[in-house]
Amino acid sequence: MRKKSFFIPLMALMLQAAPLLKAQQLNPLGVCYVEVNNNNPLNAGSYTLQNTNRQLFDVAIIFAANINYDVSKSRAYISNNNNVTKVLNDVNTYVKPLQQKGIKVLLDLLGNHQGAGISNFPNREAAKDFALQVAHTVYTYGLDGVDLDDEYAGYGNNGTGQPNNSSFVMLLQELKAAMPDKLITFYYYGPALQDRLIMEIWPGIISTTPGMRCTVHTMLL
């Protein structure tokens, strides 16, 4: 988890067509990242647009679960701190009220300085194993999808490999296969950007500004 706690309302564009389209031609979505260590996820449902009374945020992202590394098994796994666990174990209180307002609720996955991240799966078997963990979490807690964040992985720690050119693509493909009806979003930042193949299978992710959080409803595989 990041050391600094924060509540981040962000606006992201839904990239549904060619990347050369101007922002005003697109239908914008409101995306809110909620750092649940110090903030209530329900905050994301507290804002409406003045003229339409529509919810300001279309997507609320629980920030964040971690990608940890089991050295004995050479395996990446999902780890939740007490605050994330509290939210997931009480979805009736923290998740469903947002969904009832039409807000999609996702879980952010973030590195944890242990050498594991979305960019260094050594083979498809490892990527599939992690994708199945993600899908199990999403379906178990009735979430609408997952947000991938390639920060703080600490690639190389614990004897792990460095980012490679196929890891992220394999993970996206396995995630799509494991949960075809769920959202898969990506923080456009980090080593995963080096994998240019994502532009072929996920053209909606293209952005000219690294650090922009991009949200897409489907991946083109």
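Numbers given for residues are sequential positions, taken from 1 along each chain in its written order. Local features in this predicted model are restricted to residues of pLDDT 70 or higher, and side-chain atom pairs are both shown and tallied only at a pLDDT of 80 or more, whereas totals for entire chains, interfaces and linings draw on every residue. Calculated side-chain values reflect all of the structure's heavy atoms, with hydrogen atoms and water omitted.

A. A look at the environment of N89. Helix numbering and strand numbering both begin at the N terminus, where a helix is a DSSP run of H or I of at least 4 residues and a strand a DSSP run of E of at least 2. Following the sequence through the fold, N89 ends up in helix α1 (residues 82-89). Once the C-alpha coordinates of N89 and T140 are considered, the two residues, 51 residues apart in sequence, prove to be 10.0 Å apart.

B. Expanded view of the packing of helix α4 (residues 124-140) against helix α5 (residues 167-178). It is the contact of α4 with α5, at a shortest axis distance of 8 Å, that shows an interaxial angle of 40°. Looking at the two axes, α4 sits oblique to α5. Of the two possible hands of crossing, α4 and α5 adopt the one that is right-handed. Of the residues in α5, those touching α4 at R124, A127, K128, F130, A131, L132, V134, A135 and Y139 are M170, L171, Q173, E174, L175 and A178. Residue classes follow a fixed rule: Ala, Val, Leu, Ile, Met, Phe, Trp, Tyr, Cys and Pro count as nonpolar, while Asp, Glu, Lys and Arg count as charged, and any other residue, Gly among them, counts as polar. Here the contact of α4 with α5 is built from residues that sort into 11 nonpolar, one polar and three charged. A fitted line through C-alpha atoms serves as each axis, taken over the contacting stretch for helices, and the angle formed by two N-to-C directions is quoted from 0 to 180°. Each angle receives one of four descriptions, namely roughly parallel if under 35 degrees, roughly antiparallel if over 145, roughly perpendicular if within 65 to 115, and oblique otherwise. A clockwise turn of the near helix away from the far one marks a right-handed crossing, whereas an anticlockwise turn of less than a right angle marks a left-handed crossing. The contact criterion used is simple: two residues touch if any of their non-hydrogen atoms lie within 4.5 Å.

C. A look at unusual backbone geometry. Along the chain, F63 connects to A64 via a cis peptide bond; the corresponding omega equals -5°. With respect to the helices and strands, A64 occurs in strand β3 (residues 59-70). Positioned with a positive phi, S74 is a non-glycine residue whose angle comes to about 50°. Mapped onto the fold, S74 is located in the loop between β3 and β4 (75-79). Three exposure classes are used, based on accessible area relative to the maximum for each residue type with a 1.4 Å probe and protein chains only: buried under 20%, partly exposed in between, and exposed over 50%. Judged by relative accessible area, S74 falls into the exposed class, the value being 54%. If you check the backbone angles, H113 has positive phi at about 65° while not being a glycine. With respect to the element layout, H113 can be found in the loop between β5 (104-111) and α4. Of the residues examined, H113 reaches a relative accessible area of 45% and is grouped as partly exposed.

D. Representation of the pattern of salt bridges. Salt bridge, as used here: a side-chain nitrogen of Lys or Arg that lies within 4 Å of a carboxyl oxygen of Asp or Glu. Counted by the stated rule, this structure contains three salt bridges. Between R54 and D58 there is a salt bridge, and its shortest N-O distance comes to 2.9 Å. Relative accessible area serves as the criterion here: at 37%, R54 is assigned to the partly exposed category. Here E174 ties to R124 by a salt bridge, and the two come within 2.8 Å at their closest N and O atoms. On the criterion of sequence distance, the pair formed by E174 in helix α5 and R124 in helix α4 is long-range, its members being 50 residues apart. Using a relative accessible area of 36% as the deciding quantity, one classes R124 as partly exposed.

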